[in-house]
Amino acid sequence: MTTVLLPSSIALSPAVPGTVRTVTYDVEKPVPEELVEAEGLVAWGNPTSQLADAARRMGRLRWVQTLAAGPDSVLAAGFAPHVQITSGRGLHDGPVAEHTLALVLAAARRLPELVRAQDEHRWAAELGGMQQLPHEGGEFRSLSGARVLIWGFGSIAARLAPLLTVLGAQVVGVASRAGERAGYPVIAPDEVPQALPGTDVLIGILPATSTTRRALDAAVFARLPRHAWVVNVGRGSTLDEDALLKAVRGGRIAGAALDVFRTEPLPPTSPLWDEPRILITPHAAGGRPVGADTLLTDNIGAFERGEPLRNLVRR
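Okay, so let's go over this structure. This structure is a prediction, so every number in the text was calculated from the model and none was measured.

**Considerations on the overall build of the protein chain**
If you tally the helices and strands in the protein chain, you get 9 helices and 13 strands. Relative to the compact-globule value of 20 Å for 315 residues, the protein chain shows a C-alpha radius of gyration of 22 Å, a close match. Judged by the C-alpha coordinates and their principal axes, the protein chain covers about 70 × 45 × 30 Å. Counting every position in the protein chain, which comprises 315 residues, the buried fraction comes to 50%. Counting contacts in the protein chain only where the partners sit at least 6 residues apart, residues at least 24 apart contribute 57% of the total. Total accessible area on the protein chain stands at roughly 15,000 Å², and carbon and sulfur atoms take up 54% of it. Charged side chains of the protein chain number 31 positive and 32 negative; the gap between the two group centres comes to 4 Å.

**Looking at the pairing of strand E12 (residues 255-258)**
Side-chain alternation along E12 places Gly255 and Ala257 on one buried face and Ala256 and Leu258 on a second face that is also buried. Note: strand E11 (residues 229-232) against E12, 4 bridges, orientation parallel. What sits directly across from Trp229, in E12, is Gly255. With helix H8 (residues 241-249) bridging E11 and the parallel E12, this β-α-β connection has right-handed handedness. The pairing of E12 with strand E13 (residues 278-280) spans 3 bridges and is parallel. Looking across to E13, one finds that Ala257 is bridged to Leu279.

**Some remarks on the sheet that holds strand E6 (residues 147-151)**
In a beta sheet, neighbouring strands are held together by backbone hydrogen bonds and run either parallel or antiparallel to one another. Spatial ordering of the open sheet is given by E8-E9-E7-E6-E10-E11-E12-E13, a layout of 8 strands whose pairing is mixed. Each edge of the open sheet carries a strand with a single partner, namely strand E8 (179-181) and E13. Strand-to-strand, the axes of this sheet are offset by a mean angle of 25 degrees, without reference to chain direction. Bridging between strand E7 (residues 170-174) and strand E9 (residues 184-187) involves 2 bridges; their strand directions are parallel.

**With respect to the nonpolar core**
As a rule of thumb, soluble globular proteins bury nonpolar side chains together. Counting residues in hydrophobic clusters, the biggest one holds 32 residues, and the most contacted among them are Phe140, Leu143, Val148, Ile150, Leu164, Val171 and Ile203. In contact with Ile150, other than residues within four places in its own chain, are Ala157, Leu160, Leu164, Val171, Val172, Gly173, Val174, Ile203 and Ile205. The next biggest cluster of nonpolar side chains, apart from the first, holds 29 residues, and it includes Ile187, Leu202, Ala243 and Phe261.

What counts, and at which threshold
Residues numbered from 1 in each chain as written. Predicted model: local features only at pLDDT ≥ 70, side-chain atom pairs only at ≥ 80, totals over all residues. Heavy atoms only, no water. Helix = DSSP H or I, 4+ residues; strand = E, 2+ residues; numbered from the N terminus. Rg over C-alpha atoms; globule rule 2.2 N^0.38 Å. Buried < 20%, exposed > 50% of the residue type's maximum accessible area, 1.4 Å probe, protein only. Contact = heavy atoms within 4.5 Å. Areas by Shrake-Rupley, 256 points an atom, 1.4 Å probe, with all protein chains shown as cover. Lys, Arg positive; Asp, Glu negative; His and termini not counted. Charge placed at Lys NZ, Arg CZ, Asp CG, Glu CD. Pairing = 2+ DSSP bridges. Right-handed = clockwise from strand over helix to strand, strands pointing away. Axes fitted to C-alpha atoms, helices over the stretch in contact; angles between N-to-C directions. Core = buried A, V, L, I, M, F, W, Y, C linked by side-chain atoms within 4.5 Å.

Just geometry here; none of it tells us what the structure is for.
Below, the structure is given as structure tokens:
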């Protein structure tokens, strides 16, 4: 009988064939000795050390399913080349799209500044009352007519783009190949420098790879208009935090809203915390793999039958 281990970090109840048994394991502890012969492992919220230990000790393992959209932590654990790895791509599209929209609207409507004013019991007249029309005075204050560039146009961006469009934004995506996706124009990375000067909001939804490391860097910020905001909900490694802080403090860009960071949790000593024009959320965009049972039902069945798996990661 095939054994697939399910994580204790989330309630799961996939439908499985009669030839498969599922056993829940504690993600905070090494896989018990009596379970190291399992053929399948589902990961969600596992510490890096726990995954690395599983990679060393689970000699019969043939498949790892992460429920995270990005498989980087599983890939870094050192599982043998013959072990198939599948991602949770698609499970977080709705939650991440909602959170990203919230960050963009918070930036446009100056919610961080309004909350600070509330804490001070101060009526922030400069942010209320009669206001300029969108983009008058060189500020980003509304999605109506805003030009949004989404770098990393995958399934999350395809869910987010219509939400931005309905509020009046003009959306362009960036992906490895130019063309059209989900009805939106998509440019290649080598076209980004030409697109940046006309961008009001740059949204990063890039995965963590060797080619995306610090893709959002000083050169990118230098080409954005001074009223532009940067929003990052992809991976922390894709953003040069030092360059971003320098750009915001120097008025090179208007501000940033960040959900992911180079080091997580973000250290209390990080200067990002104290910058008024930087909004921080604690990697909160995802965290809810919607449809995990369906993905597991499909993949456990396919694994047992020897058929191709959904969301297979190329290694």
